[in-house]
Protein chains: 2
Amino acid sequence: MPDYAKIKQELNGIAVEDHPALVKQKSRDFYWYSPILKDELDHVTADLVVSPTSEEEVIRTLKVAYANGVPITPRGAGTGNYGQAMPLSGGIVLNLINMNKVKEIHPGRVICEPGIVIAELDKQTKAHSGQEVRFHPSTAQTATIGGFVAGGSGGVGSITWGGLRDLGNILRLRVVTMEAEPRVLELSAWDLQKVSHAYGTNGIITEVEMPLAPAYDWVDVIVGYDDYMDAVRFADGLCHRNGILLKEVAPIAAPVPFDYFTRHKPWLKEGQSVVVLMVTPHSMGPFLAYAEKMKGDIRFRSDTVESMKGIPHAYELAWNHTTLRALKVDPSITYLQVQYPGPDHVAKVAKMTEIFGEEVIGHLEFLKFDGQIQCSGLPLVRYTTKERLEEIIRIHEDNGCPIFNPHRYTLEEGGMKQTDETQLAFKKETDPKGLLNPGKMIAWDNPDFDFKAGKNYLFPGLQAFEKV
Amino acid sequence: MPDYAKIKQELNGIAVEDHPALVKQKSRDFYWYSPILKDELDHVTADLVVSPTSEEEVIRTLKVAYANGVPITPRGAGTGNYGQAMPLSGGIVLNLINMNKVKEIHPGRVICEPGIVIAELDKQTKAHSGQEVRFHPSTAQTATIGGFVAGGSGGVGSITWGGLRDLGNILRLRVVTMEAEPRVLELSAWDLQKVSHAYGTNGIITEVEMPLAPAYDWVDVIVGYDDYMDAVRFADGLCHRNGILLKEVAPIAAPVPFDYFTRHKPWLKEGQSVVVLMVTPHSMGPFLAYAEKMKGDIRFRSDTVESMKGIPHAYELAWNHTTLRALKVDPSITYLQVQYPGPDHVAKVAKMTEIFGEEVIGHLEFLKFDGQIQCSGLPLVRYTTKERLEEIIRIHEDNGCPIFNPHRYTLEEGGMKQTDETQLAFKKETDPKGLLNPGKMIAWDNPDFDFKAGKNYLFPGLQAFEKV
């Protein structure tokens, strides 16, 4: 057991918290979305929360942690759903929320610290020059830009720009390594994959440079259809209209909208599926002409509603907020993340809808994938057993619809189900003791793990579960 | 023969020109790109050029022309290549270049008169709020926005936004009808197809509302490849990278660049094919990383060149400027307009390249078509005979590559080769005497014309050719 009294002393001058309740609070994220992760990770907690305000303090903290062999798990706002920010072996949670300064804004790009909340970043770049980040998670009002880069993939705006993995959607990251003498590295272009979407296992991000898109006063729109597949076809057709600028296109099947979108309920119709949209004001005319032609039932428009007070943003009905709103009303619900590779993505969605009926409720997010319009899914699942969930996953995969499993806390199992050699090699170089967010990269802990054996990885270093 | 002395009097107060040399000058466009159109239309001239400065003067002019049974052919800057602005039966050329005011600029849209030159419009919207039109022809420095809407299709920026035909890429047009009492109509959404790309046969445009995109200081780049198909594959791959923002992507085969791009010659390499590009400054890093990976030879960058004085814009090497530059050096060259429907567009290009070798020199423009990355071609043809040109067209079409024939002056033959019922019905309603740009809409003149018979349409009203 590391000597935390000594460590606290060595961190003198940097904000440190060790009150168990407060530390536990900062040791969680939205892992409880998954009944499986809730079981596995509910007891996890750090020993200390350290909240640096500068890169210098980050370096000092890492140096102390390295010397004492203490794990470091970085944290933005803790809005991830896979335990990304949860300290499986305890140690220090590095809370980066106070590193929140915007440093420079230029046409098409911004340089800032990682801890700034995305909505605040957008507010500043919009006020400065009518710009905003290209895309953001549905948690933009609380999530940090650094957390998004380290633990996210795409979101609201991905219909135009694709995802974080795409060259050009992150411009530069500055990271501190976990060594006796921490180094500061600047990564760009191909090198970014070493640290983006690595859950902080490969260095602590202290500065990000992100591309910007023009900011508009996006109009929230909800279009209703009696048949879910009509909603899907409308969304797909709309996304293929080059001249209509959209930021969000999410078909969501009944009964989700009427039953779970409580603030929007006055505008919704029982039994209808919907498409949740964000449209630029100057595309509203053409958009409405297209929606009318496609017999869409315009249920809600933020540009004509009397007041938006108390009504969430459209994007807060989409992505994982759809899941959240369902969970709030019906805790037995969980979800999956599905790909429907094109060009027959609509047919694949129809097939899955037919197979599962009410058990798996459709929710799609349209986005750009390698230059093509595609959709990925975050369907809601009426959870019964672990076994049935595994079966639902298998049926999807048997039908050509790969699953990114949101019920796993490792990079590989929630992702490509194979070792990322680039990330592994970089970790060997920059975190030789394996102290950064331990347990998240299987390739590091167990290079021989067989991803095809169909067994879950259980991190041996996971804190022993003691029921209190 | 109309009494033009009387007509001039009736137009009192409006600028009118009747000096034959000056009238002839304003009766041409770039029809001479085509050896066939040059033959057919070289003698065409109007009787008067009328240059209104307001919608009111347009209405007065149309009223007088209607009463006197005089044809009206509207003209922007005369940069079209199909005789769009040429008065086949004489009469009045309506020169709209003096109607050039910008009326309103808003986030994402601009309202202006039709005669403003596109580069000037961009200058004003950029100065106002960092915006520019979504796409423009390579003639932006001289072409008018109204001429583009009436006679163009796509251009520089179409890689992001598609073409004018796409819902949302024109927001609204105000047009004056050709009746005893001309009406002023406002058209938007689906109704726009009645007048856009109708060569002014369906009403005179007096105001346009166009969507705007963010303006950037686009970087001109030329990338060299020894093999043309490598250049094509690089361009196609690049366009599929969601995160890299481009405005222009044109692969052009050797020997065109080195032989015909005289101002850029110092940077080019003999025998190399190139890709001509416009890249946002904030995408240059990722772009260069991708180009390096694809073994592209960066020959030219406007952001590192010592001075751009005397060097044309990259887009002035592309679209029909490629043709123009070739023609200037070798007048025996002409061109075609080819579609290579995807997803196997690259394979189709390879096939055509293989079949024709040096006779048809590759020039592609990448663009978005119904949400997909596609390429269309403006290949240069070493012209021998009309018959061989027809054969080249037939071989393309036999291989699944439709041709839009740039050697025809009618809407139908240069386009979809079928009657546009919407445009025809609208013309019946708004130009009952058929006085607007006569001879351009076959469906009006000869409803029974058989497009499949393989014969060219010869407008009976075409001015008799008298060699002077």
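Computed from a predicted structure; not experimentally measured.

Conventions we followed
- Residues numbered from 1 in each chain as written.
- Chains lettered and ligands numbered in written order.
- Predicted model: local features only at pLDDT ≥ 70, side-chain atom pairs only at ≥ 80, totals over all residues.
- Heavy atoms only, no water.
- Least-squares fit on C-alpha atoms with pLDDT ≥ 70 in both.
- Contact = heavy atoms within 4.5 Å.
- Disulfide = S-S within 2.5 Å.
- Buried < 20%, exposed > 50% of the residue type's maximum accessible area, 1.4 Å probe, protein only.
- UniProt positions renumbered as here; feature names shortened; annotations may be inferred.
- Helix = DSSP H or I, 4+ residues; strand = E, 2+ residues; numbered from the N terminus.
- Domains from an automatic or database assignment.
- Buried area = accessible area lost by both parts, 1.4 Å probe.
- Salt bridge = Lys/Arg side-chain N within 4 Å of Asp/Glu carboxyl O.
- Expected span 1.5 Å × (residues − 1).
- Arc of directions from axis to C-beta.

A.B. asks: Help me understand the relation of the copies chain B and chain A in this model?
C.D. replies: Each copy of the chain is related to the other by a rotation around an axis and a translation along that axis. If you rotate chain B by 180° and push it 0.0 Å along the axis, it lands on chain A with an RMSD of 0.0 Å. These values place the two chain copies in the arrangement generated by a two-fold rotation axis. Of all interface residues in chain B, 100% are interface residues in chain A too; the two copies therefore contact each other through one and the same surface.

A.B. asks: Would you mind showing me how to read the state of the cysteines here?
C.D. replies: When the sulfur atoms of two cysteines share a covalent bond, that bond is a disulfide. All names here are of chain A. Applying the stated criterion across every chain yields a total of zero disulfides over all chains. The closest cysteine sulfur to the non-disulfide-bonded C401 is located on C375, 9.1 Å from its own sulfur. Accessibility expressed as a relative area gives 0% for C401, which makes it buried.

A.B. asks: Explanation requested: the UniProt feature "domain: FAD-binding PCMH-type" (unreviewed entry) in chain A in the structure shown.
C.D. replies: As recorded in UniProt, the sites labelled "domain: FAD-binding PCMH-type" (unreviewed entry) are residues 41-215 of chain A. Between the C-alpha atoms that bound residues 41-215 of chain A there is a distance of 39 Å. The span itself is 22% helix and 26% strand.

A.B. asks: Explanation requested: the domain arrangement of chain A in the structure shown.
C.D. replies: Where interface size is given, it is often the accessible area lost as the parts come together that is meant. Residues and elements named next belong to chain A. Partitioning chain A into domains gives domain 1 (4-95) and domain 2 (219-398). The C-alpha-based centres of domain 1 and domain 2 are spaced at 35 Å. Across the contact, seven residues belong to domain 1 and 10 residues belong to domain 2. In this assembly, domain 1 packs against domain 2 so that about 770 Å² is buried in total across both faces, 64% of it on carbon and sulfur atoms. It is Y33, P35 and I36 in domain 1 that bury the most area against domain 2; as a group they hold 65% of the surface buried on that side. On the surface where domain 1 and domain 2 come into contact, there are zero salt bridges.

A.B. asks: How should helix α12 (residues 345-356) of chain B be read in this particular structure?
C.D. replies: Quick reminder: α-helices carry 3.6 residues per turn. Residues three or four places apart thus point the same way. Residue and element names in this part refer to chain B. Along its 12 residues, α12 runs 17 Å from first to last C-alpha, staying within 8% of the 16 Å computed at 1.5 Å per residue. Those residues of α12 that fall on the buried side of the exposure criterion are H345, V346, K348, V349, M352 and F356. The arc that holds the buried residues of α12, viewed along the axis, is 160°, so those residues lie on one side. The elements touched by buried residues of α12 are α8 (228-239), β17 (360-361), β18 (364-369), β19 (372-377) and α13 (386-398). Among the residues trailing α12, G357 stands out with phi positive, at a value near 55°.

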